[in-house]
Every structure is written in C-alpha cells, then in structure tokens.
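# A closer look at the structure
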Amino acid sequence: MLATSPGGLHIRPYHPHSSHFSLSTRCKLSLSPNCPRFSTSQKSSKFRSLSLLLSRRKYSERFSVRASATGPEVSEPVLSDALPSFPQPVSVKIPFGDRQILVETGHMGRQASGAVTVTDGETIIYTSVCLADVPSEPSDFFPLNVNYQERFSAAGRTSGGFFKREGRTKDHEVLVCRLIDRPLRPTLIKGFYHETQILSWVLSYDGLHFPDALAVTAAGIAVALSEVPNSKVIAGVRVGLVGDKFIVNPTTQEMEDSQLDLLLAGSDDAILMIEGYCDFLSEEMLIQAVQVGQDAVREISNEVKALVEMCGKPKMLDTIKLPPPELYKHVEEIAGEELVKVLQIKNKIPRRKALSSLEEKVLTILSENGYVSKDETVGIVETIPDLLEDEDEDEEVVVDGEVDEGDVHIKPKSRKSTPMGGRRSDGRFADGIRPISSRCGLLPRAHGSALFTRGETQSLAVVTLGDKQMAQRIDNLESDDEVKRFYLQYSFPPSSVGEVGRIGAPSRREIGHGTLAERALEPVLPSDNDFPYTIRVESTITESNGSSSMASVCGGCLALQDAGVPIKCSIAGVAMGMVLDTDEFGGDGTPLILSDITGSEDASGDMDFKVAGNEDGITAFQMDIKVGGITLPVMKKALQQAKDGRRHILAEMLKCSPPPSNSLSKHAPLIHIMKVKPEKINLIIGSGGKKVKSIIEETGVEAIDTEDDGTVKITAKDLSSLEKSKAIISNLTMVPTVGDIYRNCEIKSIAPYGVFVEIAPGREGLCHISELSSNWLAKAEDVVKVGDLVDVKLIEVNDKGQLRLSRRALLPEADAENPPVKLPTGDPTKEAAASDKLVGSPKPKGSSSEDTVLPHKKVKVFKRPASPAKDGPYSNKDRTKKSSGKAVSSQ
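Let me sum up the structure you'll find in this document.

Criteria and cut-off values
Residues numbered from 1 in each chain as written. Predicted model: local features only at pLDDT ≥ 70, side-chain atom pairs only at ≥ 80, totals over all residues. Heavy atoms only, no water. Axes fitted to C-alpha atoms, helices over the stretch in contact; angles between N-to-C directions. Helix = DSSP H or I, 4+ residues; strand = E, 2+ residues; numbered from the N terminus. Left-handed = near helix turned anticlockwise from the far one by under 90°. Contact = heavy atoms within 4.5 Å. Nonpolar A, V, L, I, M, F, W, Y, C, P; charged D, E, K, R; others polar. Pairing = 2+ DSSP bridges. Right-handed = clockwise from strand over helix to strand, strands pointing away. Salt bridge = Lys/Arg side-chain N within 4 Å of Asp/Glu carboxyl O. Buried < 20%, exposed > 50% of the residue type's maximum accessible area, 1.4 Å probe, protein only. Phe/Tyr/Trp six-rings, centres within 6.5 Å; stacked < 30°, edge-to-face > 60°. Lys NZ or Arg CZ within 6 Å of the ring centre and 35° of its normal. Core = buried A, V, L, I, M, F, W, Y, C linked by side-chain atoms within 4.5 Å. Disulfide = S-S within 2.5 Å. Parallel < 35°, antiparallel > 145°, perpendicular 65-115°, else oblique. Expected span 1.5 Å × (residues − 1).

Closest axis-to-axis distance for the helix α14 (residues 690–699)/helix α15 (residues 719–733) pair is 9 Å, and the angle between their directions is 150°. Pair α14 / α15 crosses with right-handed handedness. Contacts between α14 and α15 involve Lys-691, Ile-695, Glu-698 and Thr-699 from the first element and Ser-721, Lys-724, Ser-725, Ile-728, Ile-729 and Leu-732 from the second. Its residues assigned to classes, the contact of α14 with α15 shows four nonpolar, three polar and three charged.

Here's what the structure looks like:
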C-alpha cells in the first residue's frame, strides 16, 4: 500500500549490494541528483519525524529513503520476513614484534561501522568506529572524536576511590586518546563531514602487555575496516632499548630495564607520529630505534591490508564534497597580494588584526557579489589518488596561539610567491632562534620561580616542595596506591593569546603538553634518597606564539634550580617545523626544516617536532606529521638541527638575570631523615598512632613518616620544632644498657605497684615500689610524689623492651657499687641506635653509607592536625607517657 507525504519521499525495500559485509540494520539515505546533499533545516525536521515514526513501529528491516523530484507521495515500507544478516566473524593473527596478536571482527559491535577486538597475551582491546548518518556543517576541522577507557574490571579490581564506577577520563587515558588521534587524523580524507567517533576499551589486562600501543593499532584496523574514507592503514608499536638491543613491543618487565620508551605510529611507507622519553639518548640511536619501529609497522600494515580486502566495507567516497577550485582562485584575486604583505608583519597582535580585517573584506565581497562556479564538473567525486595528490595543502592558516598536534585544517591553495631571500615571515633564517630572556626568584614566597621568554612565547614556572602527602596518587590498572613525587602541570589561559575563552578543567592539550615537559625534566631529578621532597612544577603560559610546551621545559628547569633542587644538568626544549613542498615558495623542492616555529608556522607547516634534552642527549620528543608522513633522512636532519637549537638555548639560559638561587628557600619545609632499628618503629607510632600524634602536637612538626625498614622522615617548617621531635624519637628508640644510671629524672605517674620515671624525653621505665627505698613501703607516696626528680639505675630490660629501674640501688646504704655514671639524656644521638641526616646539612661524622639508603617500603604517614587536639597527654596500658616537652637538642 502506498501513502503520500508532503515531503515528497518514497520508501521502498532496500536491496543490499553485492558486498555481504554491509550491515542489514543500517539505514541508507540517498538523494536524487536534483536534491542537494546538505538539506535545509525544514527538510531535516521531516527526516527526524520519519525516523521517530519508524522507531515507534519497531521496524528492523533494512530500507532506504530516496528523495523524489516529483510527486508528494510517500510509500509505506514493505516488510520482509528475512532475518537480519550480519557479516561472518573473521579472526586472523598478525605479527606484533616477536609475537603475534589476534585480530577479530564480526564477533562484537556488529552495528558499528567498524569494530575489532585485538588480543596480545591476555590483554584485550575492543575498539569501535561509528559515524553520523547526516553530515555536519562543512568546516576546516575533521569531526573526529576519540575516547579510550581502562576498565578496572580488566585487571580484576575496582576503583580505590569513593566512586566505584569509571567516570571522568584520567590523565593517562587522555594521553592514549591523543596517541590514537594524532596519527589517524592526517589520513582521513578531506571533504568528509560526517562526525566520526572512535571508542576504545581495555577489557582485559594481564600486567605484562601494554594496552596503549595495542589501542593505536586496534583503532587503525577498525578505521580501515569501516566506511570512513581514509588514505592509509595505521598501526602503532612501542620500541624499547635494553642493553644495546632494540625490542619491539617489549613487556612491562622488559621496560623496567629499558633506556628508551618510544611509541611510533605510521603506515607501510611513512612515519606519522612518534613520542617517547629516554635517558639522554643520542640522535643516532633514536634514528635506529625509529627505523626498527617503522619496519614493524610496515609488517603490521601489510597484514591489515589483506584483512581489509577480505572483509572491509565500501568507503563513503560519494559523500566527500570540496569547494570548487575556482573559488580558491577567486579569493586569491581578491586578497592575494594584500595577504602576502599582512603575513610579513612581525608582531603577532597587529598581524592578527590585519588578517581579521582582510578576512572580513573577502567575506563582504563574496556576500555582495556572490560566487557562481563555471566548472561543470563540480560535484563529481574525486578519486582517492586525486584527494591525496594535494594532501599537503590541507592546513588552515591559524595565526593565534598554537595548533594542537594532529589538527588538520583547510587552507587556500598555495600560490607562487616571491622568495624573501630565505627568510621567514619574522625575518629569521630557517635555523634561527627567537630572542631569549629569563629571570628567577620573581615570586618571594614561592619555593622557586622563573619567567622564561622566547620571542612572543612566555612561561611562568613555579616550584613547590613538600612531603609525601603532597605526592600525586594514581589509580590505574596496576594498583591504587601508586604515587608520583614529581609532576608538572601546564596551563594555557586564553589571555596568553589576547583572547576571551573558557576557564575550567584542563583540556586534553594542556594535559599532553604538561606530561611532555614533565618527562623531559624527570631524568635530571635527584633520587628520593638524596632529595626526599615531592616536587610540583606549575607552568602558566602568559604569552604564546608557538612552542609553549618547550618553553615550559626551559622555565621549569630554571625554577627547579631556583628552588634548590640538585638537578644533574640543565634541560632545554625546541619545536621544529617543516615545509615539504618548497618549489611553491621559490625553493629547490627539498624539505625545509624550521627551528623554533611560531604559531602560524605550526598551523601552516607540515610537521611539529618537539625535542628536549641537554647538549649531548635527548630526554623527551614528540613528532606529529600533518601530511602523508616523512622519511628517516628528513627526521635525521630535523634532529641535528634541533640539537644545535638546544645548545643555543642552553647557552642563553646561563645568562638568566637574576640567576637561580640553587638553595632551599627559607619558606620551604625541612625534611629530616633518621634510620632506626625496624623493630623500634612501633615505639614511635604507639597504639593506634597515638604516640606519634602526640609528638607532632607537642613539637609542632608538620608530619612524621615511618617505613618498615626503619626509616623515619620528619617534615617541619622550622629547625626548632624539627630538633625537638628528633630528640624525642632518638630517645624513644635508643638501646639502653643494664647498669646505666640516669640523674634528675622526673616521676611522671604513680601506681599502687610503683612509679613511672622518665629517663629521657618520651622514654619511661617502671621503678617498682620495692626498688624505691631500702625500707619497706606501704605505698609509693610515702617517699615520692609526681614531679619529683630522682636518680635511677637500669637493672633490667625485658623481651618487650620495657625498662625496670631502681632508686634503691643508688641510695648510700645500698651495697652494690655504682658503675660509671651514664651521661644525662642531653645527647640523644649518642644514646640512640639511630643514624640520621638533614636535607641540606653535612652528613654526621661516623655515619655509614647505610644511613641514607632508603628503599621504598610500606609507609605510615602522620600529619599534624589542623587544630590542636583537645585531649590531654596519652597514656597507654603500659603506662608509657608522653614527654613533658623538655626537648633535648642534639646539637
């Protein structure tokens, strides 16, 4: 039966094409030649009404909607008794380094445009690719969204936090999202405006095989199998260096000994993205690692191509729409000469205003006069080779701020321009570095601060030092108690580019830039044994015109020195760019490498390659390609030019005025490290932590950390409180000897069976009533009272470490000879079986090297309460009471 509709739509049964891999439940929308692809809002509303009608009737059959140029009638869908048909499941094994991974499709997510599960050992990644049925408005940015999530159930556990359901994306998940996005985006065909979403989940994790490189490969396979038009098959691998051997996709155990952590993504013939961190690796070794990774990626890509030929879906090439070439020429006629002059304005803000004015002029002319294409072939779909032929011309000219890695924009077709004598728009040569200035100590209350300026890019770096309580806790698949003692947080406010914008949670770009700068500086930090502080670096970008992440590296290094952190050497970073097709600008066609790129060079160029390190080696690197990829010779040239740039920047950092203080700020906390016998730790903590809390309250220190190996760390704001707590702990943990004599000791409390005498601050012993006097006593109060000072002798130490004292042994009528008198407890460091050190102070004479070896053990941390405790001094059932506050200094 036929029905009519004012929308002029006919609904008829849809007959699948010859490929049996198409999903039978997917609606196919095709338009007649006389109906434009991009519908008006009125027509869109009719489509939505039709969709709701069909959903209410619960039609599961496949159908098509075709716009008709004549007649207002709409036909009812013809129902079929055929069951939905799905593609047959396919499983293949693909080489992945020295092992194989299992790739499966058609098992899960069959309604997605593309879905795969990839298994490496017992680590399983599930990735899906979906796209919107209706295209978005044309824009210069490909509508791609990537999400990656690590399910705690993958490791057989739940979140250690209050909320047990996975919620906000964690920082390390954001980093993996970027690893997936950046190599895929340049391969997606321009002119495709259907919103595309890639979702990736870690369903199983064995603790041995990393999920991040596997997720990049899974996403590349899913896109290749889907309907999304793409130019190349993408795969990702990790490369490690153990000894002198490169390992492709090493396990977590192998990475513990690796000097390199390189993640590389690319195709069978080019490199699209690298990111990694190393321990001062040379440029030559890095090139070798990239070559090893590229060979592995090529092998994976070739296998995936065979899988695509077997079960890949047809690409939606008919949906690709590009502006007519004549429009580019028309815009060039209007603004070409003026644009060349505007781009030569050196200062960013005047250049931005001039460009905005020119853009408004072009829009006004086009709006008033209109534009009619004279090309009759407009609308014919280009083939993939045609689309890829000018792939390097797809970047938008963005002059403000920085373009995020992997962003692909559209720019007008390049025009032949007059060479400027080999100079860039700001007057520099290709290897030139912008003017650099820096100053330290500009924030008086901060523990360390530096302002680093390079051209129109500026970073304010601030360092804060603290104890373990300031460390950043990480809840991931491995565990919920991992902590980071060093972290760098990057902020990019809109004011840095003179604009108005959103202020809120850090963006993905901010998280990525901060992590890159953090890992660049991490190799030069001292060990926890040598510098037991938690270190936080904040980099706020106050001005930006390109390469702000590398400015954060330089500013962060200076701020660390200003805070007195004993770093091994200085680190600098530089961002490199590239112009691939130099014939358009009067060159000889050889790729041109640019040092210290600006925001416009980043946006319009073909590469963004960030490299950080010292004069001789690399500590961190990140490269994104905005075209079809680059070759190893080009990368080698870029690395050498980056090395020259780093050396220049490091030399300029030495001119910092005022220079870094290289000493601890008076506002930084003091951390004192003591080493006691492990069995004495419980004496410091006390029952339920009451003893250590009483020490914190009495002395005023910030925190006392204890570890199972006998390490005690005291954090204090001033030396006086630190010395008091150190004396109490030393006396608590000292090893007394039977026969020792203690003079002028205070009686702290009286019991029916004797008195408790404090022989040292915080250390008490029992003097039984029979040991108080040579005569028989009915009660202790007959001879002494609380607060009296007496001399006692240690006559016994039981198995629990409890002390038995005697006053009677020192009375004149006592028969026993008095042994040599023990010094009063004014020098606890001589009494205690403890060795200690104060950060920044000389090591005590006679202390062994074992005193400073502090392996990571289970830590008990006790903080000073926000307000003084109302309870009185604690007394446990053994009657060991808190010190009266008569602290004895060790000096």
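Taken together, the eight strands give an open sheet; going across it, the order is β13-β12-β14-β15-β26-β25-β23-β24, and neighbouring strands pair in antiparallel fashion. In the strand order of this sheet, the two ends are held by β13 (245–248) and β24 (592–595), each with one partner. Across this sheet, the average inter-strand angle for adjacent strands is 15°, counted without regard to direction. Pairing analysis gives six bridges linking strand β15 (residues 271–281) to strand β26 (residues 618–625), with the strands arranged antiparallel. Bridge assignment links Tyr-277 to a residue of β26, and that residue is Ala-620. Along the sheet, helix α5 (residues 283–311) contacts β12 (235–242), β13, β14 (260–266), β15 and β26; its crossing angle with β12, the most-contacted strand, is approximately 140°. The strands touched by helix α12 (residues 632–653) within the sheet are β15, β23 (572–579), β24, β25 (607–613) and β26, with β23 carrying the most contacts at an inclination of about 140°.

Summarising the sheet, strand β21 (residues 486–491) and strand β22 (residues 534–543) pair through six bridges and their orientation is parallel. Paired with Tyr-490 across the bridge in β22 is Ser-539. The parallel pair β21 and β22 is bridged by helix α9 (residues 508–521), and the resulting crossover is left-handed.

As enumerated under the stated definition, the model contains 36 salt bridges in all. For Arg-352, the salt bridge is made with Glu-499, and the minimal N-O distance between the two is 3.9 Å. Taken together, the residues span a long stretch of sequence, with Arg-352 in helix α7 (residues 348–369) and Glu-499 in the loop between β21 and α9 at a distance of 147 residues. In this structure Glu-499 comes out as partly exposed when scored by relative accessible area, which is 38%. For Asp-616, the salt bridge is made with Arg-647, and the minimal N-O distance between the two is 4.0 Å.

In this description, a pair of aromatic rings is defined by centroid distance and the angle of the planes. Under the criterion given, the structure shown has five aromatic pairs. Plain terms: the ring middles of Tyr-753 and Phe-756 are 6.4 Å apart, the flat faces sit at 80° to each other, and that makes the pair edge-to-face. Arg-238 extends its terminal NZ or CZ atom over the ring of Phe-210, reaching a point 4.3 Å from the ring centre. Taking the ring centre of Phe-492 as reference, the NZ or CZ of Arg-509 above it sits at 4.2 Å.

As a rule of thumb, soluble globular proteins bury nonpolar side chains together. Among the nonpolar cores identified, the biggest contains 139 residues, and Ile-274, Ile-535, Met-607, Phe-609 and Met-635 are the most heavily contacted of them. Not counting residues up to four positions away in its chain, the partners in contact with Met-635 are Ile-271, Ile-274, Ile-287, Val-290, Phe-609, Met-623 and Ile-630. The next biggest cluster of nonpolar side chains, apart from the first, holds 19 residues, and it includes Cys-745, Ile-747, Ala-780 and Leu-794.

Turning our attention to the environment of His-513. Along the chain, His-513 falls in helix α9. With 109 residues separating them in the primary sequence, His-513 and Gln-622 have C-alpha atoms 10.0 Å apart.

Applying the stated criterion to the full structure yields zero disulfides. Here Cys-557 stays unpaired: no disulfide links it, and the sulfur of Cys-569, its closest cysteine neighbor, is 7.6 Å away.

We now examine the side chain of Thr-251. Among the structural elements, Thr-251 can be located in the loop between β13 and α4 (252–255). Excluding residues that lie within four positions of it along the chain, Thr-251 makes contacts with Leu-208, His-209 and Phe-210.

Okay, the packing of α9 against helix α10 (residues 548–562) next. Running from amino to carboxyl end, α9 crosses α10 at an angle of 45°, the nearest separation of the two axes being 9 Å. With respect to α10, the axis of α9 lies oblique. Regarding α9 and α10, the two cross each other, and that crossing is right-handed. Along the contact surface, α9 presents Arg-509, His-513, Leu-516, Ala-517, Ala-520 and Leu-521, while α10 presents Ser-548, Ser-549, Met-550, Ser-552, Val-553, Gly-556, Cys-557 and Leu-560.

We now examine the sheet that holds strand β31 (residues 754–760). Here we have five strands rolled up into a closed barrel, ordered β30-β31-β32-β34-β33, and mixed in their pairing. Strand-to-strand twist of the sheet, defined as the mean angle between neighbouring strand axes without regard to direction, takes the value 55°. With five bridges joining them, strand β30 (residues 741–751) and β31 adopt antiparallel strand pairing. When the sheet's bridge partners are listed, Glu-746 is paired in β31 with Glu-758.

On to unusual backbone geometry. Note that the residue after Ser-657, namely Pro-658, is joined by a cis bond; omega there is -5°. One can find Pro-658 in the loop between α12 and β27 (670–675). Although it is not a glycine, Phe-280 adopts a positive phi angle of roughly 55°. Tracing the backbone shows Phe-280 in strand β15. Its identity as a non-glycine residue notwithstanding, Asn-744 has a phi of 55°, on the positive side. Checked against the element boundaries, Asn-744 lands in strand β30. With relative accessibility at 57%, the residue Asn-744 sits in the exposed group.

The first and last C-alpha atoms of α9 sit 20 Å apart over 14 residues, in line with the 20 Å expected at 1.5 Å per residue. Of all 14 residues that make up α9, 12 are buried, and the element is covered over most of its length. Buried within α9 we find Arg-509, Glu-510, Ile-511, Gly-512, His-513, Gly-514, Thr-515, Leu-516, Ala-517, Glu-518, Ala-520 and Leu-521.

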